[in-house]
Amino acid sequence: MNNIRDSKLISRLAAIACMFIILIVIFSLRSYPEIAERYYSNVFYTFVRSGFLFLFNYIPFSVGDILYLIIIVLLIVGISRFTKFLIRRQFAQAGFIFLGFILKLQIGVALFYGLWALNYFRQPAQKRLNLPNYDYSAPELKRVTSMLIDSANGSRASLKATDLNVKNKQIVNPAIDAVTGLSTFDPPLIAIKPLAKSSFISPLLNYLGTAGYYNPFTGEAQFNNLMPVYTQPFVACHEMAHQMGFGAEDEANFAGFIAGKSSDNNLLKYSAYYLASQEFMNEILRTDSILFRQLQDRISPAVMQDLETEREFWRKYQGTANRLSSIFYDNYLKVNKQPEGLKTYNRMIKLSMSYYKKTGFIK
């Protein structure tokens, strides 16, 4: 009996050691963005993405939500067994369960990076999209911010009551068309038939302070369907940008904004300008509080009301889970070549300014 137990222990330790080596190889690609770009993002990941889309595009509900719920249940069961053995002082069994947890965690991390997250290590979008790398001036930032506010005001004024009372398909379908339309971008982005699904664990996402998420284990882009409706279309575009291979949050924000602002759908267009104007106003507030107050007066009453409605929505769910989620995700982003953590979301400003420079809006 001891021989069998020792053999299992040796096998498990050997598997952990092998997985450790595999993870070292995976993380070493952080230093080789050209390799990650050429062989992973542009070759291997395209097959992974196509396979996922083939498997899950036609399933109307989120398989990823179910997968995460199953993982949570299994985790609770595993912790309960581990605790039971500790209480009974059965340390050998507890240790074996702990090693099993380490091995499963290693496999999960390897799958996470292999199925999607190596996109974090690819070349920056600024280089991939041939956007100019320059330091924008304060007057240029003000000009673009003013334009975004005016565009948000105009697109909000064009919305009818029926536009703000739509079902999931009326949110998802225009977002799909918009992201697919990025294939006409200059230079063209990879044309795929993306898909976003509303998450049925949206009540949990509220308490985690999450607007949406991309599931790398099923290739599904999910958005929180309980948020104010005018925020949902952009979030759907953002998560589908992850599906396209945009790993970094600022890049996904930028791709979602470019897709949304070019849409013929009034709600999606407003959602994109609404988000972008907030991001730029946050940057203005950081650098020039007087200018911030001047530009704030430019925002229409309808947009201001939407801002207050959104703030009030998220305020209801602030708590320990929200704070812990923010701390975890902030550190997660820092590990994955986004050293500014949650502030990375705001870095879409640099990409947007480069875009407007390239298109001639900024001379």
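Everything that follows concerns the structure shown earlier in this document.
Here's what I pulled together on the structure shown here. (Residues numbered from 1 in each chain as written. Predicted model: local features only at pLDDT ≥ 70, side-chain atom pairs only at ≥ 80, totals over all residues. Heavy atoms only, no water.)

This brings us to the overall build of the chain. When you go through the chain residue by residue, the secondary structure sums to 15 helices and 3 strands. Across the 363 residues that make up the chain, the buried fraction comes to 48%. When contacts within the chain are restricted to residue pairs at least 6 apart in sequence, those whose partners lie at least 24 apart make up 76%. Carbon and sulfur atoms make up 63% of the accessible area of the chain, which amounts to about 18,700 Å² in all. (Helix = DSSP H or I, 4+ residues; strand = E, 2+ residues; numbered from the N terminus. Buried < 20%, exposed > 50% of the residue type's maximum accessible area, 1.4 Å probe, protein only. Contact = heavy atoms within 4.5 Å. Areas by Shrake-Rupley, 256 points an atom, 1.4 Å probe, with all protein chains shown as cover.)

Bringing the sheet that holds strand β3 (residues 220–223) into the picture now. Read from one edge to the other, the open sheet built from 3 strands follows the order β1-β3-β2, with strand pairing classed as mixed. Pairing within the sheet leaves two strands with one partner each, and these edge strands are β1 (196–198) and β2 (212–215). Sheet twist, expressed as the average angle between the axes of neighbouring strands with direction ignored, equals 30°. Bridge count between β1 and β3: 3 bridges; the pairing is parallel. Among the inter-strand pairings, A196 is bridged to a residue of β3, identified as A221. Along the sheet face, helix α3 (residues 63–87) touches β2 and β3 and points at about 85° away from the line of β2. (Pairing = 2+ DSSP bridges. Axes fitted to C-alpha atoms, helices over the stretch in contact; angles between N-to-C directions.)

To continue, consider empty space enclosed by the protein. Applying the stated criterion across every chain, the model contains 1 cavity of 30 Å³ or more. Its boundaries defined by the atoms lining it, the largest cavity holds a volume of some 50 Å³. Considering the residues around the largest cavity, the lining is formed by F52, L53, F56, N57, L195, K197, T218, G219, E220, A221 and Q243. Among the elements of the structure, α2 (33–56) and β3 are those that each provide at least two residues to the lining of the largest cavity. Top contributing element to the lining of the largest cavity by residue count: α2, with 3 residues. (1 Å grid on protein atoms, 1.4 Å probe; cavity = no way out; pocket = protein on both sides within 12 Å on 5 of 7 lines; lining within 4 Å. Points joined across faces, edges and corners; volume = space filled by probe spheres on them.)

Turning next to the packing of helix α6 (residues 138–157) against helix α13 (residues 301–315). Running from N to C, α6 and α13 point in directions that differ by 95°, and their axes come no closer than 9 Å. Classified by the angle between their axes, α6 and α13 sit roughly perpendicular to one another. Listed contacts from α13 to A152, N153 and R156 of α6 are A302, V303 and D306. Here the contact of α6 with α13 is built from residues that sort into 3 nonpolar, 1 polar and 2 charged. (Parallel < 35°, antiparallel > 145°, perpendicular 65-115°, else oblique. Nonpolar A, V, L, I, M, F, W, Y, C, P; charged D, E, K, R; others polar.)

Moving on, we get to the packing of aromatic side chains. Each pair of aromatic rings is reported with the distance of its centres and the angle of its planes. Inspection of every chain in the model, using the stated rule, returns 22 aromatic pairs. Geometrically, the ring pair formed by Y113 and F121 is stacked, given 5.8 Å between the ring centres and 25° between the ring planes. This pair shows no difference in class: Y113 is buried, exactly as F121 is. Relative to Y270, the ring of Y230 has its centre 6.2 Å away and its plane inclined at 55°; by these criteria the two rings are tilted. Of this pair, Y230 sits in the loop between β3 and α9 (232–244) while Y270 sits in helix α11 (residues 266–287), and the two are 40 residues apart along the sequence. Here Y230 and Y270 have matching classes, each one buried. Three or more aromatic residues joined by ring pairs form one cluster here, namely F27, F112, Y113, W116, Y120, F121 and Y214. Between K84 and the ring centre of F85, over which it is positioned, the NZ or CZ distance is 5.3 Å. (Phe/Tyr/Trp six-rings, centres within 6.5 Å; stacked < 30°, edge-to-face > 60°. Lys NZ or Arg CZ within 6 Å of the ring centre and 35° of its normal.)

As a further point, take a positive patch on the surface. On the surface, a cluster of positive charge is contributed by R81, K84, R88 and K104. If you trace the backbone, K84 turns up in helix α3. The class for K84 is partly exposed, based on a relative accessible area of 34%. (Patch = residues over 30% accessible without salt bridge, like charges linked within 9 Å, V, L, I, M, F, W, Y side chains within 5 Å. Salt bridge = Lys/Arg side-chain N within 4 Å of Asp/Glu carboxyl O. Lys, Arg positive; Asp, Glu negative; His and termini not counted. Charge placed at Lys NZ, Arg CZ, Asp CG, Glu CD.)

Further remarks concern the nonpolar core. V144, L148, M240, F254, F257, M353 and Y356 are the most contacted members of the largest nonpolar core, which has 90 residues in total. Looking at which element gives the most residues to this core, the answer is α11, with 11 residues. The contact partners of Y356, leaving out residues within four places of it in the chain, are V144, M147, L148, F257, K261, F361 and I362. (Core = buried A, V, L, I, M, F, W, Y, C linked by side-chain atoms within 4.5 Å.)

Quick look at the side chain of E251 now. Along the chain, E251 falls in helix α10 (residues 249–261). With a relative accessible area of 10%, E251 lands in the buried category. Those residues within four positions of E251 in sequence are excluded, and the remaining contacts are P124, A125, R128, F246 and L351.

Turning next to the packing of α2 against α9. Closest axis-to-axis distance for the α2/α9 pair is 10 Å, and the angle between their directions is 125°. Put simply, α2 runs oblique to α9. When α2 is examined against α9, the residues Y45, R49 and L53 are found in contact with a partner set consisting of H242, Q243 and M244. Here the residues of the contact of α2 with α9 sort into 3 nonpolar, 2 polar and 1 charged.

The next point concerns the environment of I171. Looking at the secondary structure, you find I171 in helix α7 (residues 168–180). Taking the C-alpha atoms as reference points, I171 and P233, separated by 62 residues in sequence, lie 5.6 Å from one another. Residue contacts for I171: discarding those within four places in its chain leaves V166, F223, V229, Q232 and P233.

Opposite charge on two side chains lets them pair, provided their charged atoms get close. For the structure shown, the criterion picks out 9 salt bridges. In this structure, R122 engages E37 in a salt bridge whose closest nitrogen and oxygen atoms are separated by 2.9 Å. A residue pair is termed long-range when its members are at least 10 positions apart, and R122 in the loop between α4 (91–115) and α5 (125–128) and E37 in helix α2 qualify at 85 residues. A relative accessible area of 10% means that R122 is categorised as buried. Among the residues examined, E37 registers a relative accessible area of 9% and is labelled buried. The salt bridge involving R315 is made with E308; its shortest N-O contact spans 3.8 Å. Through salt bridges with shared partners, one network takes in E308, R311, E312 and R315.

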